[in-house]
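One letter stands for each residue in the lines below.
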Amino acid sequence: MGLIRLPEIFRKKVVATTENRKKVYFQDVDNLYPNRIKALIESSPTAFRSSKLMAKFIIGKGLINEALYDVKIDNALNLNVYQFSMALAKSLANQNGYFVHISYKYYNGEIIPAYSRVLPFEDCRISKTDDDGYYGCLYVKDYDTKSSFNKQSDEKKYYSFTTKQDEILEQIQHCWKEKNKEKDFDLVNAIKSFSGQYYYFNPNIGDVYPLSNIHAVMNDCDTEYRISNYTNGAFRKGLISKNVVMTSGLSDEQENEVEEVFKNFLGDDNANDLVIFPTDLGDGKTFDDVLKVVQIKPIYDEKFINEVLPQVRKNIMASFNNIPEALVVASDGSLFGTSDGTYEQMKKFYSEQNDEERESIYKFFKDVYNLDVEFLTFGSEISNTSANDEN
């Protein structure tokens, strides 16, 4: 998989751009920052593994209130509270934030949330804030293949989250007028056709969009990918394990036979493992004068890679809320040489590093559905003094 090109990665520019009469905030100058982040994580073995672990540690081992397993949040994907939380955690691990679409229904005289769906972060762009400082609408489309808003059928528009009934009603009326200019307003039908709201979590206060966890180590992720790509290319097309067969004094027929047999030696089908051909070793010639096999010295700087790669991996792991190396790399030295108590303390430590992300998920369920959600976190059964009991 080819990576998205890395432009100016040490700065992320949020640009307010007007397209098709909509003032929207681009994510970086090329509007592809989250797409670039996704590609880098998927191409870096350490980032990919660390991202999965971070999401896992955010939501822990399960829900404390088991009744919430029966509460469906995403109707289309049939996701309950815990499964939906995993989708939020994945977005947090990769993009350091999340967008959620919320649909509504009319129940007992009130307009209340129905179902929700976690939106692909790379498809979301926010419109300019209004005079009161509130974010405007959210526009959702595939920005990796389309660079503008001109095709309205390709985009979806959602309104900012609010729990106030009068503001929700105002949004529904506005949406109805956009879709049904000639029809009288009908609340029941208007709610059914309402595009919905979006709930947005961004830990970077004051910024329109968050910086990804890997923002400071984008070069490291790219380096790890390129080391892997270089190694693969060296083995497939380079000079590693390459041999040269030199012959002398053989007829064309004999040389063709030698070539065919050696190809069989190197392939899967090794039916021919010996060739017999007449030759004259007279005039003081030895066998090496007739046929000689030389192995080419590989051009592969293994020492340099072994010196660089460990630090690159450590930088990437640290970017995911300082994840302990033993949780990512299950080597003999880092995992099996670690006592059970120490390993459990590592899990407890890393679980605590993700408290802010976990609290954001709790807040989402409380704000939208008035649900008290709490996870059984890793290491929660360990007391703060248990580490002192190890001797």
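Heads up: the structure comes first, above all this text.
Calculation criteria
As a convention, each chain's residues are numbered from 1 in the sequence order in which they are written. Where totals are concerned, whole chains, interfaces and linings use all residues; where local detail is concerned, this predicted model gives features only for residues with pLDDT of at least 70, and gives and counts side-chain atom pairs only at 80 or more. To get the side-chain values, take all heavy atoms of the structure and skip hydrogens and water. Any residue with relative accessible area above 30% and no salt bridge may belong to a patch, with like charges joined within 9 Å and the nonpolar Val, Leu, Ile, Met, Phe, Trp and Tyr side chains within 5 Å. The method behind every accessible area is Shrake-Rupley, applied with a 1.4 Å probe, and residues are considered shielded solely by the protein chains displayed. For this document, the term salt bridge refers to a Lys or Arg side-chain nitrogen within 4 Å of an Asp or Glu carboxyl oxygen. Think of it this way: Lys and Arg go in the positive column, Asp and Glu in the negative one, and His and the chain ends go nowhere. Here the site of a charge means NZ on Lys, CZ on Arg, CG on Asp, or CD on Glu. For the purposes of this entry, the term helix denotes a DSSP run of H or I that reaches at least four residues, the term strand denotes a run of E that reaches at least two, and both are numbered from the N terminus. Partly exposed describes any residue whose relative accessible area lies between the buried limit of under 20% and the exposed limit of over 50%, with all areas from a 1.4 Å probe on protein chains only and scaled to the type maximum. The span one expects for a helix is its residue count, reduced by one, times 1.5 Å. As used in this structure description, the phrase polar contact means that two N or O atoms lie within 3.5 Å; if the pair is within protein, one of them must be able to donate a hydrogen and the other to accept it, and residues adjacent in sequence are counted only when both atoms belong to side chains. Axis angles are defined between N-to-C directions and span 0 to 180 degrees, where every axis is a line fitted to C-alpha atoms and, for a helix, only to the segment in contact. For classification purposes, angles smaller than 35 degrees are called roughly parallel, those larger than 145 roughly antiparallel, those between 65 and 115 roughly perpendicular, and all remaining angles oblique. Contacts between residues were defined by any pair of non-hydrogen atoms, one from each residue, lying within 4.5 Å. Asp, Glu, Lys and Arg are counted as charged, while Ala, Val, Leu, Ile, Met, Phe, Trp, Tyr, Cys and Pro are counted as nonpolar; the rest, among them Gly, fall into the polar class. Ring pairs are drawn from Phe, Tyr and Trp, using the six-membered ring of Trp, whenever the two centres fall within 6.5 Å, and their geometry is named by plane angle: stacked under 30 degrees, edge-to-face over 60, tilted for the rest. As used here, the term nonpolar core means buried Ala, Val, Leu, Ile, Met, Phe, Trp, Tyr and Cys residues forming a set that is joined through side-chain atoms within 4.5 Å. Only strands joined by at least two bridges in the DSSP assignment are considered to pair.

### Comments concerning a positive patch on the surface
Line of reasoning, step 1. The grouping of Arg 49, Lys 52, Lys 56 and Lys 90 at the surface amounts to a positive patch.
Line of reasoning, step 2. Sort the elements by how many residues they give to the positive patch and helix H2 (residues 45-59) lands first, with 3 residues.
Line of reasoning, step 3. Positionally, Lys 90 belongs in helix H3 (residues 81-95).
Line of reasoning, step 4. Classification of Lys 90 as partly exposed rests on a relative accessible area of 49%.

### A closer look at H3
Along an α-helix, residues three or four apart share an orientation, since each turn contains 3.6 residues.
Line of reasoning, step 1. Spanning 15 residues, H3 covers 21 Å between terminal C-alpha atoms, matching the ideal 21 Å at 1.5 Å per step.
Line of reasoning, step 2. The complete set of buried residues in H3 reads Val 81, Tyr 82, Phe 84, Ser 85, Leu 88, Ala 89, Ser 91, Leu 92, Ala 93 and Gln 95.
Line of reasoning, step 3. By the N-cap criterion, in which a side-chain oxygen at the helix start approaches the backbone nitrogen of a residue two or three places on, H3 is capped by Asn 80, the distance to Tyr 82 being 3.1 Å.
Line of reasoning, step 4. Downstream of H3 by one or two residues, Asn 96 has phi in the positive range, about 65 degrees.

### Comments concerning the packing of helix H12 (residues 340-353) against helix H13 (residues 355-369)
The packing of two helices is summarised by the inter-axis angle and the distance between the axes.
Line of reasoning, step 1. With their axes 5 Å apart at the nearest point, H12 and H13 run at an angle of 55 degrees to one another. Considering their axes alone, H12 and H13 lie oblique with respect to each other. Contacts between H12 and H13 involve Ser 351, Glu 352 and Gln 353 from the first element and Asp 355, Glu 357 and Arg 358 from the second.
Line of reasoning, step 2. By residue class, the composition of the contact of H12 with H13 is no nonpolar, 2 polar and 4 charged.

### Observations regarding the packing of aromatic side chains
Any aromatic ring pair is given by two values, namely how distant the centres are and how the planes are angled relative to each other.
Line of reasoning, step 1. All told, the structure shown has 19 aromatic pairs when counted by the stated rule.
Line of reasoning, step 2. Here the aromatic rings of Phe 99 and Tyr 200 are separated by 4.2 Å at their centres, their planes lie at 0 degrees, and the arrangement is stacked. Of the two residues, Phe 99 sits in strand E5 (residues 98-107) while Tyr 200 sits in strand E10 (residues 197-201), which places them 101 residues apart along the sequence.
Line of reasoning, step 3. Residue classification places Phe 99 among the buried positions, given a relative accessible area of 0%.
Line of reasoning, step 4. A connected cluster of aromatic rings, assembled from ring pairs, spans Phe 84, Tyr 98, Phe 161, Tyr 199, Phe 201, Phe 364, Phe 365 and Tyr 369.

### Thoughts on the nonpolar core
Line of reasoning, step 1. One finds Phe 84, Val 100, Ile 361, Phe 364, Phe 365 and Val 373 to be the most contacted residues of the largest nonpolar core, which totals 65 residues.
Line of reasoning, step 2. Once residues within four sequence positions are removed from consideration, Val 373 is found in contact with Leu 63, Leu 68, Val 81, Tyr 362 and Phe 365.
Line of reasoning, step 3. Of all hydrophobic cores here, the second largest spans 13 residues; its members include Phe 99, Cys 124, Leu 138 and Tyr 158.

### Here we look at the sheet that holds strand E7 (residues 124-126)
Line of reasoning, step 1. Spatial ordering of the open sheet is given by E6-E5-E10-E9-E8-E7, a layout of 6 strands whose pairing is mixed. Sheet topology places strand E6 (110-119) and E7 at the edges, where each strand pairs with a single neighbour. Ignoring which end each strand starts from, the neighbouring axes of this sheet average 35 degrees apart.
Line of reasoning, step 2. As judged from the 5 bridges shared by E5 and E10, these two strands associate in the antiparallel manner. Bridge pairing in E10 places Tyr 98 opposite Phe 201.

### Some points on the environment of Asn 65
Line of reasoning, step 1. Tracing the backbone shows Asn 65 in the loop between H2 and strand E3 (72-74).
Line of reasoning, step 2. For Asn 65, a relative accessible area of 39% gives the class partly exposed.
Line of reasoning, step 3. Separated by 307 residues in the primary sequence, Asn 65 and Asp 372 place their C-alpha atoms 8.7 Å from one another.

### Considering the pattern of salt bridges
Line of reasoning, step 1. The full count for this structure, using the stated rule, is 11 salt bridges.
Line of reasoning, step 2. The residue Lys 157 makes a salt bridge to Glu 178 at a minimum N-O spacing of 2.9 Å. Taken as a pair, Lys 157 in strand E9 (residues 156-160) and Glu 178 in helix H4 (residues 165-179) lie far apart in primary sequence, 21 residues in all.
Line of reasoning, step 3. Under the relative-accessibility criterion, Glu 178 is labelled partly exposed at 43%.
Line of reasoning, step 4. A salt bridge links Asp 372 to Lys 366, with the shortest nitrogen-to-oxygen separation between them at 3.0 Å.
Line of reasoning, step 5. Taken together, the shared-partner salt bridges in this structure form one network comprising Asp 28, Asp 30 and Arg 36.

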